[in-house]
Amino acid sequence: QVQLVESGGGSVQPGDSLRLSCTMASRTTFSAYAMGWYSQAPGSQRELVAVISSSGNTNYRDSVKGRFTISRDNAKNTMYLQMNNLRPDDTAVYYCNAHKRAWGKDFDHWGLGTQVTVSA
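Residue numbers here run from 1 along each chain, matching the order of that chain's written sequence. Per-residue local features of the predicted model are confined to residues with pLDDT of at least 70, and side-chain atom pairs are confined, for both listing and counting, to 80 or more; whole-chain, interface and lining totals are unaffected and use all residues. By convention in this description, side-chain values take in all heavy atoms of the structure and omit both hydrogens and water.

Chemist: Could you give an account of the pattern of salt bridges, naming the residues involved and the relevant values?
Modeler: Whenever a carboxyl oxygen of Asp or Glu lies within 4 Å of a side-chain nitrogen of Lys or Arg, that contact is scored as a salt bridge. Counting across every chain of the model gives five salt bridges. In this structure, Arg101 and Asp106 form a salt bridge, with 3.0 Å as the shortest nitrogen-oxygen distance. Take Asp106: its relative accessible area is 47%, and that puts it in the partly exposed class. Each residue gets one of three labels from its accessible area relative to the maximum for its type: buried under 20%, exposed over 50%, partly exposed in between, using a 1.4 Å probe on protein chains only.

Next comes the structure, spelled out in structure tokens:
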């Protein structure tokens, strides 16, 4: 059983920063997973924000490039999303995802989400 626990969300003003954390609490190997952050605004579908592969390669949604940084610490089984210069349209629930492909199958695990609200 893979459990993902997010933390670090909150209510901030435009221009502020937040750092989200996602810790994998399981006996599986965190380093084997590609990890990602997804956001879901009210009335919208869940969308990819950023992803980091098991080897550390990263990719970002265009709207967050230059403002958000995804990273991982395999020794702590934890992934981070540093969010700078936050904007009101960043407001959403942010979900942590762990993905790997093994034995011809895709394995995806999700956290419960953490709310980020950006307003003046």
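Chemist: Talk me through the sheet that holds strand 7 (residues 68–73); I want residue IDs and the actual numbers.
Modeler: DSSP calls a pair of strands paired once it identifies at least 2 bridges connecting them. Put simply, DSSP marks the helices as runs of H or I at least four residues long and the strands as runs of E at least two long, and each gets a number from the N terminus on. Taken in spatial order, the four strands make up an open sheet running 1-3-8-7, and their pairing is antiparallel. Of all the strands in the sheet, the pair left with one neighbour each is strand 1 (3–7) and strand 7. Within the sheet, the average angular offset between the axes of one strand and its neighbour, ignoring direction, is 15°. Taken together, the five bridges between strand 1 and strand 3 (residues 18–25) define a ladder with antiparallel strand orientation. Its bridge partner being in strand 3, Val5 is matched across the sheet by Thr23. To get an axis, fit a line to the C-alpha atoms, keeping to the stretch in contact for a helix; angles then go from 0 to 180 degrees between the N-to-C directions.

Chemist: Tell me about the pairing of strand 5 (residues 47–52), and name the residues and values.
Modeler: On any regular strand, side chains alternate: one points to one face of the sheet, the next to the other face. The sheet contact formed by strand 4 (residues 34–40) and strand 5 spans five bridges and is antiparallel. Its bridge partner lying in strand 5, Trp37 is registered against Ala50. Connecting strand 4 to the next strand, strand 5, in antiparallel fashion are six residues, including Gly43 with a positive phi near 75°. Where strand 5 meets strand 6 (residues 58–60), three bridges bridge the pair, whose relative direction is antiparallel. Across the sheet, residue Ile52 finds its bridge partner in strand 6, namely Thr58. The turn linking strand 5 back onto strand 6 is made up of five residues, and Gly56 within it adopts a positive phi angle of 100°.

Chemist: I'd like to hear about the packing of aromatic side chains, residue by residue, with values.
Modeler: Only rings of Phe, Tyr and Trp enter the pairing, Trp through its six-membered ring, and a pair is recorded when the two centres are within 6.5 Å. The plane angle decides the type: under 30 degrees is stacked, over 60 is edge-to-face, the rest tilted. What the rule picks out here adds up to two aromatic pairs. With centroids separated by 4.9 Å and ring planes inclined at 65°, the aromatic side chains of Tyr38 and Trp110 adopt a geometry described as edge-to-face. Of the two residues, Tyr38 is situated in strand 4 and Trp110 in strand 10 (residues 105–110); the sequence distance between them amounts to 72 residues. Judged by relative accessible area, Tyr38 falls into the partly exposed class, the value being 21%.

No statement about biological role is implied by the geometric values presented.
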